[in-house]
Amino acid sequence: MAGEGPGLEEGPDNYVLVRKGYILTGRALFKGWAITTTLWLIGLYTVLAATSQGFLLNLALMIGTYGYTAALFLGLPLGWLLGLLLRPIRNQWIHIGAFFIVPTFAFWALGSLFGFGWTLEALGLWATVGLASAFGRLAVWNDVIMR
């Protein structure tokens with residue numbers, strides 16, 4: 001039957017309404033995405049500005065434009081999908097850990113396909129994305145809804 005199984009609520013005519021667990025609302029998803037992206041891009045800008053030879057405003061505009069665009073089309077869907085998959089898990093610390101591990105390895109694999117390599121140094125670079133993502137998920141701890 002459609003309404004059978006752990007964590008499912010039955011509605012009229014046995015249609016499943018909502019899975020029980022933590023629900024990442026649209027507001028929480030956007031807030032977490034904005035915090036995650038901003039933290040990561042500030043760190044990226046800091047590192048690049050320290051090693052660049054000037055043109056700091058141009059660098060900031062480039063990082064902001066490309067960084068927020070990439071985060072919108074790659075990071076936001078990944079965060080939404082991860083939140084959806086983690087919905088039945090009640091321990092939010094597991095969510096935070098998953099928001100560190102999954103983006104780290106997803107972007108490591110994606111970056112490796114684009115030529116950054118499968119090295120530990122590249123994994124360390126992409127771990128910064130996972131760390132920012134974990135902080136973003138921690139920031140929305142109180143914004144999620146438990147059903």
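Residues numbered from 1 in each chain as written. Predicted model: local features only at pLDDT ≥ 70, side-chain atom pairs only at ≥ 80, totals over all residues. Heavy atoms only, no water.

Observations regarding the overall build of the protein chain
And then number 1: If you tally the helices and strands in the protein chain, you get 4 helices and 4 strands.
And then number 2: Each helix and strand of the protein chain, placed in order from N terminus to C terminus, yields the pattern β-β-β-α-α-α-α-β.
And then number 3: The proportion of buried residues among the 147 residues of the protein chain is 32%.
And then number 4: The contacts of the protein chain with a sequence gap of at least 6 include a subset with a gap of at least 24, amounting to 61%.
And then number 5: If you sum the accessible surface of the protein chain, you get close to 9100 Å²; carbon and sulfur atoms cover 72% of it. (Helix = DSSP H or I, 4+ residues; strand = E, 2+ residues; numbered from the N terminus. Buried < 20%, exposed > 50% of the residue type's maximum accessible area, 1.4 Å probe, protein only. Contact = heavy atoms within 4.5 Å. Areas by Shrake-Rupley, 256 points an atom, 1.4 Å probe, with all protein chains shown as cover.)

Observations regarding the packing of helix α2 (residues 56-85) against helix α3 (residues 92-113)
And then number 1: Across the interface, α2 lies against α3 with an axial gap of 11 Å and an inter-helix angle of 135 degrees. Here α2 is positioned oblique relative to α3, judged by the angle of their axes. Crossing of α2 against α3: the hand is right-handed. Across from Leu 74, Gly 75, Leu 78, Gly 79, Leu 82 and Gly 83 in α2, the residues of α3 making contact are Ala 98, Phe 99, Val 102, Pro 103, Ala 106, Phe 107 and Leu 110.
And then number 2: Of the residues assigned to the contact of α2 with α3, the class counts are 10 nonpolar, 3 polar and no charged. (Axes fitted to C-alpha atoms, helices over the stretch in contact; angles between N-to-C directions. Parallel < 35°, antiparallel > 145°, perpendicular 65-115°, else oblique. Left-handed = near helix turned anticlockwise from the far one by under 90°. Nonpolar A, V, L, I, M, F, W, Y, C, P; charged D, E, K, R; others polar.)

Details of a nonpolar patch on the surface
And then number 1: The grouping of Leu 39, Trp 93, Phe 100, Ile 101, Val 102, Phe 105, Leu 131, Phe 135 and Leu 138 at the surface amounts to a nonpolar patch, some 830 Å² of accessible area in total.
And then number 2: For the nonpolar patch, the secondary structure elements donating two or more residues are α3 and α4 (120-139).
And then number 3: Counting residues per element, the nonpolar patch draws most heavily on α3, at 5 residues.
And then number 4: Examined against the element boundaries, Leu 138 turns out to sit in helix α4.
And then number 5: Under the relative-accessibility criterion, Leu 138 is labelled partly exposed at 35%. (Patch = residues over 30% accessible without salt bridge, like charges linked within 9 Å, V, L, I, M, F, W, Y side chains within 5 Å. Salt bridge = Lys/Arg side-chain N within 4 Å of Asp/Glu carboxyl O.)

Side note on the packing of aromatic side chains
Two numbers describe a pair of aromatic rings. These are the distance of the centres and the angle of the planes.
And then number 1: Taken as a whole and assessed by the stated rule, the structure comprises 7 aromatic pairs.
And then number 2: For the ring pair Trp 108 and Trp 118, a centre distance of 5.3 Å and an interplane angle of 75 degrees mean the geometry is edge-to-face. Placement of the pair is Trp 108 in helix α3 and Trp 118 in the loop between α3 and α4, with a sequence separation of 10 residues.
And then number 3: Take Trp 108: its relative accessible area is 15%, and that puts it in the buried class.
And then number 4: According to the relative accessible area criterion, Trp 118 is exposed, its value standing at 54%.
And then number 5: Ring geometry for Phe 116 and Trp 126: centres 5.9 Å apart, planes at 75 degrees, overall edge-to-face. Taken together, the positions of Phe 116 in the loop between α3 and α4 and Trp 126 in helix α4 put the pair 10 residues apart, joining distant regions of the chain.
And then number 6: Clustering of aromatic rings is evident, with ring pairs tying together Phe 30, Trp 33 and Tyr 68. (Phe/Tyr/Trp six-rings, centres within 6.5 Å; stacked < 30°, edge-to-face > 60°.)

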